[in-house]
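Okay, here's what each chain looks like letter by letter:
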Amino acid sequence: MKLQVAMDVLTTDAALELAAKVAPYVDIIELGTPLIKAEGLRAVTAVKTAHPDKTVFADLKTMDAGELEADMAFTAGADLVTVLGTAGDSTIVGAVAAATKHGKGVVVDLIGVADKVARAREVTALGAAFVEMHAGLDEQAEPGFSLATLLNQGETARVPFSLAGGVSVATIASVQRAGAKVAVAGGAIYGAEDPAAAAAALRAAII
Ligand SMILES: O=C([C@H](O)CO)[C@H](O)[C@H](O)COP(=O)(O)O
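Keep in mind that what you see is a predicted model, and the values were worked out from it rather than measured.

Asks: Tell me about the nonpolar core, and please be specific about residues and values.
Replies: Met7, Leu31, Val44, Val81, Val131, Met133 and Leu163 are the most contacted members of the largest nonpolar core, which totals 63 residues. Top element by residues in this core is helix α5 (residues 89–102). It accounts for 5 residues.

Asks: Before we move on, can you summarise the pattern of salt bridges with the specific residues and values?
Replies: All chains considered together, the criterion is met by 8 salt bridges. The residue Arg203 makes a salt bridge to Asp27 at a minimum N-O spacing of 2.8 Å. Of the two residues, Arg203 is situated in helix α11 (residues 195–205) and Asp27 in the loop between α1 (12–22) and β2 (28–31); the sequence distance between them amounts to 176 residues. Classification of Arg203 as partly exposed rests on a relative accessible area of 27%. Using a relative accessible area of 26% as the deciding quantity, one classes Asp27 as partly exposed. Among the ionic pairs, Lys104 bridges to Asp79, the shortest N-O distance being 2.8 Å.

Asks: Outline the packing of helix α4 (residues 66–76) against α5, supporting the account with residue identities and numerical values.
Replies: Remark: α4 packs on α5, axes separated minimally by 7 Å, with the N-to-C direction vectors making an angle of 30°. Considered as vectors, α4 and α5 are oriented roughly parallel to each other. Seen from above, α4 lies across α5 with right-handed handedness. Contacts between α4 and α5 involve Gly66, Glu67, Ala70, Asp71, Phe74 and Thr75 from the first element and Thr91, Gly94, Ala95, Ala97, Ala98, Ala99, Lys101 and His102 from the second. Its residues assigned to classes, the contact of α4 with α5 shows 6 nonpolar, 5 polar and 3 charged.

Asks: Explain the site of the ligand to me, using residue names and the numbers behind them.
Replies: Among the 15 residues in the neighbourhood of the ligand, the closest are listed as Asp8, His134, Gln140, Gly186 and Gly187. At 2.7 Å from an oxygen atom of the ligand is found a side-chain nitrogen or oxygen belonging to Asp8. Interatomic distance of 2.8 Å between a side-chain N/O atom of His134 and an oxygen atom of the ligand. Burial of the ligand by the protein amounts to 94% of the accessible area it has alone, namely 400 Å². Judged by the fraction of its atoms near the pocket grid, the ligand is located in the largest pocket.

Asks: Talk me through the pairing of strand β1 (residues 2–7); I want residue IDs and the actual numbers.
Replies: For β1, a buried count of 5 out of 6 residues is recorded, marking the element as mostly surrounded by other parts of the structure. Pairing of β1 with strand β8 (residues 182–185) involves 4 bridges; the strand directions are parallel. Note that in β8 the partner of Val5 across the bridge is Ala185. Across 4 bridges, β1 lies against β2 in parallel orientation. Of the residues in β2, the one forming a bridge with Gln4 is Ile28. Following the chain from β1 across α1 to the adjacent parallel β2, one finds a crossover that is right-handed.

The rules we used
- Residues numbered from 1 in each chain as written.
- Predicted model: local features only at pLDDT ≥ 70, side-chain atom pairs only at ≥ 80, totals over all residues.
- Heavy atoms only, no water.
- Core = buried A, V, L, I, M, F, W, Y, C linked by side-chain atoms within 4.5 Å.
- Buried < 20%, exposed > 50% of the residue type's maximum accessible area, 1.4 Å probe, protein only.
- Helix = DSSP H or I, 4+ residues; strand = E, 2+ residues; numbered from the N terminus.
- Salt bridge = Lys/Arg side-chain N within 4 Å of Asp/Glu carboxyl O.
- Axes fitted to C-alpha atoms, helices over the stretch in contact; angles between N-to-C directions.
- Parallel < 35°, antiparallel > 145°, perpendicular 65-115°, else oblique.
- Left-handed = near helix turned anticlockwise from the far one by under 90°.
- Contact = heavy atoms within 4.5 Å.
- Nonpolar A, V, L, I, M, F, W, Y, C, P; charged D, E, K, R; others polar.
- Near = heavy atom within 4 Å.
- Polar contact = N/O pair within 3.5 Å; in protein donor to acceptor, adjacent residues only side chain to side chain.
- Areas by Shrake-Rupley, 256 points an atom, 1.4 Å probe, with all protein chains shown as cover.
- 1 Å grid on protein atoms, 1.4 Å probe; cavity = no way out; pocket = protein on both sides within 12 Å on 5 of 7 lines; lining within 4 Å.
- Sits in = over half its atoms within 2 Å of the grid points.
- Pairing = 2+ DSSP bridges.
- Right-handed = clockwise from strand over helix to strand, strands pointing away.

Right, dumping it as C-alpha cells:
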C-alpha cells in the first residue's frame, strides 16, 4: 500500500516546506483543495519541480468542465487529479480523456456520494485510475463518525481505491487490511509537531 500526504496548508511556501520534510516517507504528495484555491495551479508546478520523482496529486474536486480542468492541472505538472463522484459521467469521461492525452490519471473522490460502492464501480468502468473512499473534514467532525463504514465500502466495492478520512497511526493498518492501494493522511502529518516523524511512523505502520 502506498502512502499519500494531503497538504491542507494555505501557501505554496508552507507546502514546499512540508513536502521537503515528508517526501522521504511518502509516495504521493497531494496539494489539498484549499491550497489550490488559495494559490492556484502555480503551487502544483512548484511542488512537482521540487519533487519530480514523486507522484503529485492535485485535489481539484472538479464538478464540471472535467476535460478543461484536468488538462490545466496536468499541464501544470500534476500526475493525478480528482473529479467528484457526484459529477455527471460526461465530466468524468472528459477528465479521463485529458488524462489519456497526458499519460496521467483521474481519481474519483466519492465524498458525499450516498452509494459509494455502486458509484465506485461505475466510475472505474468509465476509466478512473482509482476511487477515493473519502470522509471529508466536516463529516469527520460530525458526531458518531467512524472510519469503519468507509473501510467496509472499500472492501465491498472490489475496485482499486484509496481511503481518506482522518487516517492515523492507529488506523492505517486497518486501511491496508481493507485492501486500499493508497492511504491518505492529512491532519495526522501536517498537524503533528514533527511532520517528518509522523510520516515516518505512518510508513512504519504499513505492514
Ligand atoms: O481532501 C481532504 C479534505 O476534503 C480537505 O481538502 C483532505 O485532504 C483529506 O480528508 C485527508 O485529510 P485528513 O482527513 O486530515 O487525513
